[in-house]
Amino acid sequence: VFAAFQRNGGPRPHVFGRAPSLYRVEGAMALMRALLGERTFADLALPLALTSVDAATAEPVPLRRGDVVDALRAAVAIPGLFPPHAVAAEDGRVLLDGGVVDPIPVALARTLAPGVPVLAVVLQPPTADWHAHPASRRLERLPLLRHLAGWRVLRALAIHVRTAEWTRRTLTEACLAAERPELVVRPEVMHVDLFDHELALDLVGRGERAADAVIDAWTERPAQRSAHREARSGRRAHHSRGRAR
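In this text, all values refer to a predicted model and were calculated from it rather than measured experimentally. For every chain, the first residue of the written sequence is number 1, and numbering continues from 1 onward in sequence order. Where totals are concerned, whole chains, interfaces and linings use all residues; where local detail is concerned, this predicted model gives features only for residues with pLDDT of at least 70, and gives and counts side-chain atom pairs only at 80 or more. Note: side-chain values were computed over all heavy atoms of the structure, leaving out hydrogens and water.

**Notes on the overall build of the protein chain**
Spelled out, the test is: Labels follow the DSSP assignment, with helices taken as runs of H or I lasting at least four residues and strands as runs of E lasting at least two, numbered in each case from the N terminus. Burial classification: accessible surface area is computed with a 1.4 Å probe over protein chains only, and a residue below 20% of its type maximum counts as buried, one above 50% as exposed, and the rest as partly exposed. Residues are treated as being in contact if the distance between any of their heavy atoms lies within 4.5 Å. Computed with a 1.4 Å probe, the accessible areas rest on the Shrake-Rupley method; for each residue, only the protein chains presented here act as cover.
Across its full length, the protein chain holds eight helices and seven strands. For the protein chain, the proportion of its 245 residues judged to be buried stands at 33%. The long-range fraction of contacts in the protein chain, counting pairs at least 24 apart against all pairs at least 6 apart in sequence, stands at 62%. With an accessible surface of roughly 14,600 Å², the protein chain has 59% of that area assigned to carbon and sulfur atoms.

Structure follows, in structure tokens:
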């Protein structure tokens, strides 16, 4: 998706202007608008919720109504990289990426299809393997800042960004332990950074293989196989009722 954004005028660095971010997203959102049109959450075939957080109060704000692209713009607003966004369906509240406070929104997923097992995708190694996967040098790799990496202020900020990565990892593992999703998928993508968009297709393949392996192992258990069939049956009934309405 990031590669497509880049080819179609997607996230671009900008130095001047008032937006509190390193990148602008107008081109990326134009691409999403072309793909999704004016669809609302109510128009979607499957239930969907996006996560966001109030930029002023840190209150989690699940996005599940109104225009999908408008909500998506807030849900991908990684602090510092992409600008916060005022979402019309949430009375114009200015929102950021919800992963700031809830990186694994298992509880929200359970509300979408009660009784259906939750599969959590975790894009970081288990705690025991952190030593083999140190925090990335993301700031130094940003195209906009790469030539300024030697500046003292940038070196200091880079240390802050790397330590923030450890905090994010710790929060993610704590959320997993507290929410206990039925399945956890950890695709082997720890070598890939946010801006390695040329590896997009490889990432898709890694994710699909990891998910297939976890689901296959889970459904091979007799008790889980029965629960899986019941969940699928309930989900089909739910969609049939939705279409009837």
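**A look at the pattern of salt bridges**
Stated precisely, the cut-off is as follows: The working definition used for a salt bridge is a side-chain nitrogen of Lys or Arg within 4 Å of a carboxyl oxygen of Asp or Glu.
All chains considered together, the criterion is met by eleven salt bridges. Across the pair Arg-110 and Glu-182 runs a salt bridge, and its minimum N-O distance is 3.1 Å. Taken together, the positions of Arg-110 in helix H4 (residues 106–112) and Glu-182 in the loop between helix H6 (152–179) and strand S7 (183–185) put the pair 72 residues apart, joining distant regions of the chain. For Glu-182, a relative accessible area of 38% translates into the label partly exposed. A salt bridge links Arg-168 to Glu-165; the nearest nitrogen and oxygen atoms lie 2.8 Å apart. You can see Arg-168 and its partner Glu-165 sitting in helix H6, three residues apart, about one turn around the helix. Sharing partners across several salt bridges, the network here consists of Arg-33, Glu-38 and Asp-67.

**Examining the packing of helix H2 (residues 26–36) against helix H3 (residues 68–75)**
Condition: Axes here mean lines fitted to C-alpha atoms, for a helix over just the part in contact, with angles spanning 0 to 180 degrees between N-to-C directions. By definition, any crossing whose near helix is turned counterclockwise from its far helix by less than a right angle is left-handed, and any crossing with a clockwise turn is right-handed. Gly counts as polar in this scheme, as do all residues outside two lists: the nonpolar Ala, Val, Leu, Ile, Met, Phe, Trp, Tyr, Cys and Pro, and the charged Asp, Glu, Lys and Arg.
In contact at an axis separation of 10 Å, H2 and H3 are set at 145° when each is read in the N-to-C sense. Like other packed secondary-structure pairs, H2 and H3 cross with a definite hand, here right-handed. Here Glu-26, Met-29, Met-32, Arg-33 and Leu-36 of H2 lie close against H3, whose contacting residues are Val-68, Val-69, Asp-70, Leu-72 and Arg-73. Along the lines of polarity and charge, the residues of the contact of H2 with H3 split into six nonpolar, no polar and four charged.

**Quick notes on the nonpolar core**
Within soluble globular proteins, side chains that are nonpolar generally end up buried alongside one another. So the rule is basically this: Here, the term nonpolar core denotes a set of buried Ala, Val, Leu, Ile, Met, Phe, Trp, Tyr and Cys residues that are joined through side-chain atoms within 4.5 Å.
Judged by nonpolar contacts, the single largest core of 19 residues is most densely connected at Met-29, Phe-41, Leu-50, Leu-63 and Leu-95. Where this core is concerned, the elements lending two or more residues are H2 and H3. Ranked by residues supplied to this core, first place goes to H3 with six residues. Excluding residues within four positions of it along the chain, Leu-50 makes contact with Phe-41, Val-61, Pro-62, Leu-63, Ala-71, Leu-72, Ala-75 and Leu-108. Core analysis: the next-biggest nonpolar cluster, separate from the first, contains seven residues, Ile-104, Val-118, Ala-120 and Leu-176 among them.

**Quick look at a nonpolar patch on the surface**
How we decide: A residue counts toward a patch only above 30% relative accessible area and without a salt bridge, and it is joined to like-charged neighbours within 9 Å or, for Val, Leu, Ile, Met, Phe, Trp and Tyr, to nonpolar neighbours within 5 Å.
The grouping of Leu-119, Val-121, Leu-123 and Ile-215 at the surface amounts to a nonpolar patch, some 330 Å² of accessible area in total. Summarising the element assignment, Leu-119 is placed in strand S6 (residues 119–121).

**Digging into the side chain of Thr-172**
With respect to the helices, strands and loops of the structure, Thr-172 is situated in helix H6. Discounting chain neighbours no more than four positions away, the residues touching Thr-172 are Pro-103, Ile-104, Val-122 and Gln-124.

**Describing the environment of Val-106**
Within the secondary structure, Val-106 sits in helix H4. A relative accessible area of 2% means that Val-106 is categorised as buried. Residues Val-106 and Pro-181, spaced 75 residues apart in sequence, show a C-alpha to C-alpha distance of 6.4 Å. If we ignore the near neighbours within four places in the chain, the residues touching Val-106 are Val-118, Glu-179 and Pro-181.

**Digging into helix H7 (residues 200–219)**
Which entries qualify depends on this criterion: Expected helix span is taken as 1.5 Å per residue step, with the number of steps being one fewer than the number of residues.
Between the first and last C-alpha of H7 there are 29 Å, a value that for 20 residues agrees with the 28 Å anticipated at 1.5 Å per step. Within H7, burial applies to Gly-205, Ala-210, Ala-211, Trp-218 and Thr-219.

**With respect to the side chain of Thr-219**
Rule in force here: Definition of a polar contact: a pair of N or O atoms within 3.5 Å, with one able to donate and the other able to accept a hydrogen when the atoms are protein atoms, and with sequence-neighbouring residues admitted only if both atoms are side-chain atoms.
Its place among the elements puts Thr-219 in helix H7. A distance of 3.2 Å separates a polar side-chain atom of Thr-219 from the backbone oxygen of Asp-216.

**Observations regarding the environment of Tyr-23**
Looking at the element boundaries, Tyr-23 is found in strand S2 (residues 23–24). Linking Tyr-23 and Phe-82, residues 59 residues apart in sequence, is a C-alpha distance of 5.4 Å.

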